[in-house]
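# Examining the three-dimensional arrangement
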Amino acid sequence: MKKIFENHHTAMSWIAMHAITKNHLMILREELTLNFQSTGSYFIHTIISES
């Protein structure tokens with residue numbers, strides 16, 4: 001699923017709360033950065049459920 005964020009702070013807060021491991025956090029952060037650089041939008045693709 002594609003998880004879209006309003007801004008960098010919101011994205012990083014969500015990632016920090018939902019990352020499974022430190023390595024997972026680093027991967028999601030890198031994906032967020034690359035997505036923003038290429039599209040101007042803050043988003044990641046994830047299988048993490050909202051519940």
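Summary of the structure given here. (Residues numbered from 1 in each chain as written. Predicted model: local features only at pLDDT ≥ 70, side-chain atom pairs only at ≥ 80, totals over all residues. Heavy atoms only, no water.)

## Looking at the nonpolar core
Among the nonpolar cores identified, the biggest contains ten residues, and these are F5, A11, M12, W14, I15, L28, L32, Y42, I44 and I48. Elements with a minimum of two residues in this core: α1 (8-18), α2 (22-39) and β2 (42-45). Considering every element that reaches this core, the biggest residue donor is α1, with four residues. Here L28 is in contact with I15, I44, H45 and I48, once residues within four sequence places are set aside. (Core = buried A, V, L, I, M, F, W, Y, C linked by side-chain atoms within 4.5 Å. Buried < 20%, exposed > 50% of the residue type's maximum accessible area, 1.4 Å probe, protein only. Helix = DSSP H or I, 4+ residues; strand = E, 2+ residues; numbered from the N terminus. Contact = heavy atoms within 4.5 Å.)

## Looking at the environment of F5
Counting through the fold element by element, F5 comes out in strand β1 (residues 2-5). Owing to a relative accessible area of 8%, F5 belongs among the buried residues under this scheme. The sequence separation of F5 and I20 amounts to 15 residues, and the corresponding C-alpha distance is 19 Å. Contact partners of F5, with chain neighbours within four places excluded, come to T10, A11, W14, L32, Y42, F43 and I44.

## With respect to the side chain of T46
Among the structural elements, T46 can be located in the segment after β2. Contact partners of T46, with chain neighbours within four places excluded, come to M1, K3 and W14.

## Comments concerning the environment of H45
Locating H45 in the fold gives a position in strand β2. Taking C-alpha positions, H45 is 6.0 Å from K3, a pair spaced 42 residues apart along the chain. Beyond its immediate stretch of four places on either side in the chain, H45 contacts M1, K2, L28 and E31.

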